[in-house]
Amino acid sequence: MNFIKKIWKQLLVVAVLLVIVTVVLIISPNFKKDPNEGKINFIINNNNVTSKMKYELFINNDGIVYVSKDDIANYFDGQIYYDKDNNQLITTSDTKVAVISLNEKTMKVNGATVKLLGTVIRKDGILYVPISELQKVYNIEVTNINNAVITVDSLDRELTKADASKKISVKYNTKFISKTVDKVEVGEKVVVVSEKDGFTKIRTENGKLGYVKTDKLTNITKVREKVEKEPQIKGKINLVWDYYSEYVSTPNRTGTTITGVNVVSPTFFALKNSETLSIIDKAARGGEEYVKWAKDNGYKVWALFSNESMKTVTSKILNDYSQREKMIEEIVRLALKYKVDGINVDFEYMNMSDKDVFSRFIIELAPRLREYGIVTSVDVTAPDGSENWSLCFDRDLLANEADYIMFMAYDQHGVSSTKAGTVAGCDWVEANVKKFIGQEAVKKEKIILGIPLYTRLWKTDSNGKITSSVINMNKIEETLPNNVTKTWDENTKQHYVEYVNGKYTYQMWIEDEKSIREKLNLINQYELAGGAFWEKDRETENIWNIAKEVLQTK
């Protein structure tokens with residue numbers, strides 16, 4: 001009998017120990033020491049990022065909140081840039097460009113000088129940014145709570161608040177046993193973060209994040225709506241470039257319309273080949289009348305700005321911040337002068353080594369234009385090409401910073417080609433669209449597909465020497481012999497012709513209504529932003545009806 005009692009006592013001890021261990025396992029994670037204790041906590045849009053920051057923030061004697069450049073890059077501006085040549089920091093947001101020289105209590109915001117209480121400083125070799133001075137730049141509200149918690153709220157995000165209906169203990173989590181992180185008095189305002197299964201995550205007036213039962217809150221009110229950005233063009237973009245040289249006036253389109261097109265891109269502006277920055281204003285002759293014609297017919301005007309393929313001049317300007325800044329100021333001035341709706345940047349034939357500074361140009365240009373509701377688009381070629389024509393573009397970065405990138409999907413075989421071939425085979429176009437979305441990580445809704453309204457006639461002599469000439473779509477039929485046989489190429493989705501005339505063999509991959517339709521179908525298939533045609537007056541008339549039908553534009 002004593003033996004049995006002894007066994008029961010041992011089992012009871014084991015059971016008690018198991019209960020204790022279980023309770024400890026349940027409770028201990030909820031009562032472990034806060035890793036952010038003793039630090040200034042940093043709350044960004046109701047997320048405590050203190051332990052994830054690369055460097056601790058600090059507050060100076062004037063109450064200025066300083067955050068390291070690396071942490072600014074992580075949380076606010078991934079493209080923040082230190083210009084070591086001029087000892088200045090350049091930071092951008094959706095509509096602002098701020099330039100702050102180190103140790104100077106002024107900054108330039110979109111070209112205007114603004115006074116600062118604190119400036120960028122270097123501490124222990126690390127650059128620190130006075131984030132409390134950049135609230136209007138980043139469109140945020142920074143609140144210092146007793147030098148213990150710094151909260152940052154983005155002013156374009158939804159904000160909901162509530163009142164405490166009774167005195168509440170705010171808990172670490174929603175478990176049955178959880179430590180208290182703060183207490184809220186009756187009637188105290190709290191920020192509502194999220195709600196699930198009868199619990200609401202809140203932020204208290206002390207900046208503490210935790211959970212309360214939803215039924216302990218009252219007067220739950222949305223005090224700020226999320227700011228939704230409306231695209232300039234709803235639905236697919238159907239753009240046509242309208243080229244003209246600096247030696248003639250802007251095309252007079254008065255009395256004409258272009259079916260289905262919703263954007264026109266006249267070649268208004270270009271870099272001049274000069275030692276210092278100079279922009280050719282081709283819109284000076286007839287540009288205002290062109291814009292009026294376009295807007296009277298419901299078209300947006302995205303004026304093209306070209307570097308005229310001047311590699312040396314382009315490199316010099318892009319690599320000099322003061323010249324780059326002047327170029328941006330001039331483009332903004334011209335855009336406002338002519339009341340255009342967008343700027344289409346067409347910089348071609350650049351040094352591969354200038355890829356990053358070209359990206360900087362777009363990073364700094366797009367916010368300046370966006371401030372006035374002006375769209376920025378950038379023309380780029382197919383990936384994996386030559387250094388000067390393809391590898392000079394960071395397509396992913398350009399697409400992130402600009403509103404759109406234009407994939408100029410033509411000259412698969414161009415003037416320098418030693419082999420006859422199509423200008424834009426559908427198989428090649430599709431393969432490169434896939435590269436943009438996959439390899440280049442470009443968002444599909446940012447891509448506008450450029451489509452050629454021309455082809456090439458290839459001529460091979462008896463010695464195998466190949467030359468070619470550009471033939472516009474509307475000149476193809478009169479260029480080909482009457483008795484030529486057209487065959488459909490299922491790969492390129494084009495009609496192909498080949499014939500002999502004297503000692504020459506001629507070849508052409510034809511762009512016609514059927515081939516254009518196939519390319520337009522890719523826009524819908526891959527859910528791209530739209531299409532763009534190079535260039536006006538090369539087309540056959542029915543092309544615009546086909547584009548309207550496929551893209552469903554008005």
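Residues numbered from 1 in each chain as written. Predicted model: local features only at pLDDT ≥ 70, side-chain atom pairs only at ≥ 80, totals over all residues. Heavy atoms only, no water.

Asks: Would you mind going over the packing of aromatic side chains with me for this structure?
Replies: The geometry of an aromatic ring pair is captured by two quantities: the separation of the ring centres and the angle between the planes. For the structure on display, the rule yields 25 aromatic pairs. Look at Y499 and Y506: their rings are 5.2 Å apart centre to centre, the planes differ by 15 degrees, and that puts the pair in the stacked class. Neither Y499 nor Y506 differs from the other in exposure class; each is buried. The structure contains a cluster of three or more aromatic residues connected by ring pairs, namely F268, F269, Y290, W293, Y299 and Y338. (Phe/Tyr/Trp six-rings, centres within 6.5 Å; stacked < 30°, edge-to-face > 60°. Buried < 20%, exposed > 50% of the residue type's maximum accessible area, 1.4 Å probe, protein only.)

Asks: What exactly am I supposed to notice about the side chain of T267 here?
Replies: Along the chain, the position of T267 falls in the loop between β22 (263–266) and β23 (269–271). Here the side chain of T267 touches Y244 through a polar contact of 3.0 Å, landing on its backbone nitrogen. The residues touching T267, leaving out its near neighbours within four places in the chain, are D242, Y243, Y244, K282 and L304. (Helix = DSSP H or I, 4+ residues; strand = E, 2+ residues; numbered from the N terminus. Polar contact = N/O pair within 3.5 Å; in protein donor to acceptor, adjacent residues only side chain to side chain. Contact = heavy atoms within 4.5 Å.)

Asks: I keep staring at the nonpolar core and nothing clicks. Help me out?
Replies: Soluble globular proteins tend to pack their nonpolar side chains together in the buried interior. One finds I343, F358 and F361 to be the most contacted residues of the largest nonpolar core, which totals 95 residues. With seven residues, helix α6 (residues 321–338) is the single largest residue contributor to this core. Apart from residues lying up to four places away in sequence, F358 is in contact with L318, V345, F347, M350, V378, F393 and L398. Ranked by size, the runner-up nonpolar core spans 28 residues in total, among them I44, L127, V137 and I140. (Core = buried A, V, L, I, M, F, W, Y, C linked by side-chain atoms within 4.5 Å.)

Asks: I keep staring at the pattern of salt bridges and nothing clicks. Help me out?
Replies: Pairing between side chains of opposite charge can happen when the charged atoms of each approach one another. All told, the structure shown has 30 salt bridges when counted by the stated rule. Across the pair R395 and E440 runs a salt bridge whose closest N-O atoms are separated by 3.8 Å. Taken together, the residues span a long stretch of sequence, with R395 in helix α8 (residues 395–401) and E440 in the loop between α9 (426–437) and β29 (447–452) at a distance of 45 residues. Assigned by exposure class, R395 and E440 land together as buried. In this structure, a network of salt bridges that share partners links the residues D242, R253, K536, D537 and E539. (Salt bridge = Lys/Arg side-chain N within 4 Å of Asp/Glu carboxyl O.)

Asks: Please clarify how the environment of D156 should be interpreted in this entry.
Replies: In this fold, D156 is placed in the loop between β13 (149–154) and β14 (159–164). Here D156 falls in the partly exposed class, since its relative accessible area comes to 31%. Taking C-alpha positions, D156 is 17 Å from T221, a pair spaced 65 residues apart along the chain. Excluding residues that lie within four positions of it along the chain, D156 makes contacts with N139, E225, K226 and V227.

Asks: Explanation requested: helix α4 (residues 287–296) in the structure shown.
Replies: Along an α-helix, residues three or four apart share an orientation, since each turn contains 3.6 residues. Within α4, the full set of buried residues consists of G287, Y290, V291, W293 and A294. For α4, the angular spread of the buried residues around the axis is 160 degrees, confining them to a single face. Turned more than 90 degrees off the buried face of α4, the exposed positions are E289, K292 and D296. Those residues of α4 that are buried are in contact with β21 (237–242), β22, β25 (300–306) and α6. Once α4 ends, the next one or two residues include G298, with phi positive near 80 degrees. (Arc of directions from axis to C-beta.)

Asks: Sorry if this is basic, but what is going on with the packing of helix α11 (residues 513–525) against helix α12 (residues 543–551) here?
Replies: A packed helix pair is summarised by two numbers, namely the angle formed by the two axes and the spacing between the axes. α12 packs onto α11 with a crossing angle of 25 degrees between their chain directions and a minimal axis gap of 10 Å. Here α11 is positioned roughly parallel relative to α12, judged by the angle of their axes. Of the two elements, α11 crosses α12, and the hand of that crossing is right-handed. Facing E513, I516, R517, L520, N521, I523 and N524 of α11, the residues of α12 in contact are I543, I546, A547, E549, V550 and L551. (Axes fitted to C-alpha atoms, helices over the stretch in contact; angles between N-to-C directions. Parallel < 35°, antiparallel > 145°, perpendicular 65-115°, else oblique. Left-handed = near helix turned anticlockwise from the far one by under 90°.)

Asks: Can you help me understand the packing of α6 against helix α7 (residues 355–370) in this one?
Replies: One way to put it is that α6 packs onto α7 with a least axis distance of 10 Å and a crossing angle of 35 degrees. In this structure, α6 meets α7 at a crossing whose hand is right-handed. Contacts from Y321, R324, M327, I328, E329, I331, V332 and A335 in α6 reach V357, R360, F361, E364, L365, R368 and L369 in α7. In the contact of α6 with α7, the residues fall into ten nonpolar, no polar and five charged. (Nonpolar A, V, L, I, M, F, W, Y, C, P; charged D, E, K, R; others polar.)

Asks: I'm lost on α6 in this one. Help?
Replies: For α6, with 18 residues, the first-to-last C-alpha span of 26 Å sits near the 26 Å given by 1.5 Å per residue. Buried residues of α6: Y321, Q323, R324, E325, M327, I328, I331, V332, L334, A335 and Y338, and no others. Two residues or fewer after α6 comes K339, characterised by a positive phi angle close to 60 degrees. (Expected span 1.5 Å × (residues − 1).)

Asks: Is there a simple way to think about the pairing of strand β26 (residues 342–346) in this case?
Replies: Across a regular strand the side chains alternate sides, sitting on one face of the sheet and then on the other. For β26, the buried fraction is high: five of the five residues fall into the buried class. Because side chains alternate across β26, one face comprises the buried residues G342, N344 and D346, and the other comprises I343 and V345, equally buried. Taken together, the five bridges between β25 and β26 define a ladder with parallel strand orientation. Within β26, the position partnered with S306 by the bridge is D346. Pairing of β26 with strand β27 (residues 375–380), which is carried by four bridges, proceeds in the parallel orientation. Paired with I343 across the strands is T376, a residue of β27. (Pairing = 2+ DSSP bridges.)

Asks: Quick question: what am I supposed to make of the sheet that holds strand β7 (residues 97–101) here?
Replies: Either a parallel or an antiparallel arrangement is found when strands of a sheet pair, and the pairing is made through backbone hydrogen bonds. Pairing is antiparallel in the open sheet, where five strands are placed in the order β5-β6-β7-β8-β9. The strands lining the two open edges of the sheet, one partner per strand, are β5 (81–83) and β9 (112–115). Neighbour-to-neighbour, the strand axes of this sheet turn through a mean angle of 25 degrees, independent of strand direction. Pairing geometry for β7 and strand β8 (residues 106–109), over three bridges, is antiparallel. Note that in β8 the partner of V99 across the bridge is K108. On top of the sheet, α6 reaches β5, β6 (88–92), β7 and β8; it is set at about 35 degrees to β6, its chief contact.

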